[in-house]
Amino acid sequence: MATDLTRRHFAGLCAALGLAPLSTFASASGVPSFLSAYRDPAGTFGVAALDEAGTVLFTEALPARGHDTVVSPDQRWAVTFARRPGRFALVIDLHRQEPAFAFEAAPGRHFYGHGFFSPDARLLYATENDYEGERGLLGIYDVAGGYVRTGAFETHGIGPHEALLLCDGTTIAVANGGILTHPDFPRQKLNLASMAPSISYLSRETGDLLEQVSLPAGMNQLSIRHMTQAGDGSIWFGGQYEGAPTDAVALVGRHQRGGEITLISLPEDERAALRQYVGSIKSSADGEQIAMTSPRGGLAIILGAQNQAVLDVRAVADVCGVAPERSGFAFSTGRGDILASRNALIDVSWDNHLRSLA
Amino acid sequence: MRHLLAAACLALLTVSASAQSDLGAITRGMIEGHILPAHATLMGVADQQVTVTEQMCSAPSQEALAATQARFGDLVEVWSAVEFIRFGPARKDNRYERLFFWPDRNGRGLNQVQGVLATQDETVTSVDSLKAKSVALQGLLALDYVLFGTGFEALADGDEHRCAYALAIAGAIADTAAALFEGWQDGQGYAALMLSPGPDNPVYRTEAEALQELLRAMAEQLQIIHDAKLVRVVGTSPDDTHYRRAPFWRSGQTLPSILANVEAMASLNAAGQLADLLPEPAQRYAGTARFELGQIVSRLAALIERGEDLETLVTSEETHGRLASVALPLAGAMRVIGEIYPAELGLTMGFNALDGD
């Protein structure tokens, strides 16, 4: 039920923790509203901060391709992770608008490109690959100690990709994509015949596995990659299918703690247009809408989180990044578009993920 | 005819003024000139492998074993001509992994093969029950071990279980090869899908997408040869080599299979008629690709000619250097096929669409 109570609960609790964007977005000029990694026309990589109008406020160079950028709840720090199988992370001071620190993944580990801060901004968590051990990890970094890695939680699966701290502030949800990779074989997926994607829920205090769910039988080649939390507390995920390209499969699913994963049935045109690939999925600021993108399909779809009805379908070439903003969602594309309350076009390729600041 | 003319006029109108390449013709050439015949050959040789293995099991002898082993060399070679196709029908029912479970990191697949041989597992001796088991037990690398790994000599002396397993693997390979062939071939098959892109096509909307899939698969194959089959195997010096990381080292088919991989790229380059179908100033790049691929082929052929096993080739100073030198033309071919061709052909796949995560 879409009650005002659940809405207030979501916006209030999640936002109070700095975990979900408030409905009041940063709007003062000079204050970043969006962050995204990019590739510029010369082929070099960086991360850019943009204002609400999509104007670039500042950029920082990255040594190679970046992936997601996470922001501390106090909005002081942003961290851009390397794209898999990269090992760098760049910390940006959002107040000073300059890089503050850079650190690397531990020996034998690489980043998957996603993570989050603890509610008190003291700890940073990052999804990592222990590629010799063939297990997924959530590395834990002490912010004040100069991002020293103090430990790691097992994600109880292979290929953890996006990880979220849920609105209760204590439960972590991890999307274990299930695909085994190794830096020695950069182009190869090593276990497609036996892949077993899952969602793991971990305790942030202890790292204990609280619950783990997998996909319905026969769907084990749907790699669960990106996730978001809806206003009713459920987790929505977007997958990438590794089976036959002609299989007509659902790519989006929803999970409520204690239940089974349900796959979302989209109208056939929209399902097919996703081309077996969802690149990003994000909940709106009020938790009532879910937006997903497919760069392969050149498509963004917005669903109602409660009734799962299609609210909007937009054809946008090479769209991948999506982030909540005041008027709904902002999107970014590999062609340089930032489609927000005001659209902007910049001569770069925006990389997979767009982050908005609360 | 009038319809055709009208369609042609419309096509002319919609094509921009700059000379556009006939992308569909390149894709058609590669599919009809290489992919379809190569799959037919694979299916045929896989059937021959079943026949010769059957003969060995019913009348074991040194000669029968030698004939089975020799046919396996042919089978690896024809497989290597389609190894680059990791998309399409190969993705259905894990057919790719069923045929070629490699790299086998930590020897997991090998352990399974050794395990079923040691325990005389009866469920691996019929095609149906074998196909229901792990993909690592039923492909070319499993057969490589059964025919050439520890204890293979017993095949000449009537080791019934080992021979029945070899026969079941050959049968499973033949089944999978036939399924791949049909997946490409039949009227609704993948060839038709790649050759009729459009808004209603479930996989390819444009000719550019279909051709990009082929070029990307080719570039990936060259990179896999470079990174995984060459650099990881020959190391930095003769003291730092890892020949066991290469596929088919037991059967001595490592270099012949890489040679066949590269000849397949040359065959695609020719079948796609890139020397004619690239935009004019870029046509010379087809010659560059042909030259680089030819360099790899002649260097590998000279090494194969010596008749030495892979361990000797990688650990002796002279041949180590010759093998390592293949990396240079590999990089050259990779650049032409993976970067120059797509750019010259205007295959403007999106940054995110082409390489997401």
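Residues numbered from 1 in each chain as written. Chains lettered and ligands numbered in written order. Predicted model: local features only at pLDDT ≥ 70, side-chain atom pairs only at ≥ 80, totals over all residues.

Enquirer: When you look at the overall build of chain B in this model, what are you seeing that I'm missing?
Expert: Scanning chain B from terminus to terminus reveals 17 helices and zero strands. Radius of gyration (C-alpha) of chain B: 22 Å, near the 21 Å computed for a compact globule of 357 residues. By principal-axis analysis of the C-alpha atoms, chain B measures approximately 70 × 45 × 40 Å. Put simply, chain B has 357 residues, and 47% of those count as buried. For chain B, restricting intrachain contacts to residue pairs at least 6 apart in sequence, the fraction spanning at least 24 positions comes to 76%. (Helix = DSSP H or I, 4+ residues; strand = E, 2+ residues; numbered from the N terminus. Rg over C-alpha atoms; globule rule 2.2 N^0.38 Å. Buried ≥ 20, exposed ≤ 12 C-beta atoms within 10 Å, placed from the backbone. Contact = placed C-beta atoms within 7 Å.)

Enquirer: Before we go on, may I ask you to explain the pairing of strand β8 (residues 109–117) of chain A in this structure?
Expert: If a strand is regular, its side chains alternate between the two faces of the sheet. All names here are of chain A. Burial of β8 is extensive: nine of the nine residues sit out of reach of the surface. By the bridge criterion, six bridges tie β8 to strand β9 (residues 123–130) in an arrangement that is antiparallel. Paired with phenylalanine 116 across the two strands is tyrosine 125, which belongs to β9. (Pairing = 2+ DSSP bridges.)

Enquirer: Could you clarify how one ought to interpret the confidence of the model for chain A in this entry?
Expert: Detail in the predicted coordinates should be disregarded across regions flagged by low pLDDT. Residues with a pLDDT of 70 or more make up 91% of chain A, whose mean pLDDT is 92. Every residue in residues 1–8 of chain A is under pLDDT 50, and counting partners more than four places away or in other chains gives eight contacts. (pLDDT = per-residue confidence, 0-100.)

Enquirer: I tried to follow the pairing of strand β20 (residues 280–283) of chain A on my own but got confused; where do I start?
Expert: Residue and element names in this part refer to chain A. Side-chain alternation along β20 places Ser280 and Lys282 on one buried face and Ile281 and Ser283 on a second face that is also buried. Of the strand pairs in this sheet, β20 and strand β21 (residues 289–294) are connected by four bridges, and their pairing is antiparallel. Paired with lysine 282 across the two strands is alanine 291, which belongs to β21. Two successive antiparallel strands, β20 and β21, enclose a turn made up of five residues, where glycine 287 displays a positive phi of approximately 75°.

Enquirer: It is not clear to me how the nonpolar core should be interpreted in this structure. Could you clarify?
Expert: Within soluble globular proteins, side chains that are nonpolar tend to cluster in buried spots. In this structure, Leu143, Ala166, Ile169, Ile173 and Ile337 of chain B are the most contacted members of the largest nonpolar core, which totals 115 residues. Tallying contributions element by element places helix α8 (residues 160–185) of chain B first for this core, with 14 residues. When residues no more than four places from it in sequence are discounted, the contact partners of isoleucine 173 of chain B are Ala46, Gln49, Leu99, Gly139, Leu140 and Leu143 of chain B. Leu62, Ala126, Val143 and Leu164 of chain A belong to the second-largest nonpolar core, a separate cluster that totals 86 residues. (Core = buried A, V, L, I, M, F, W, Y, C linked by C-beta atoms within 7 Å.)

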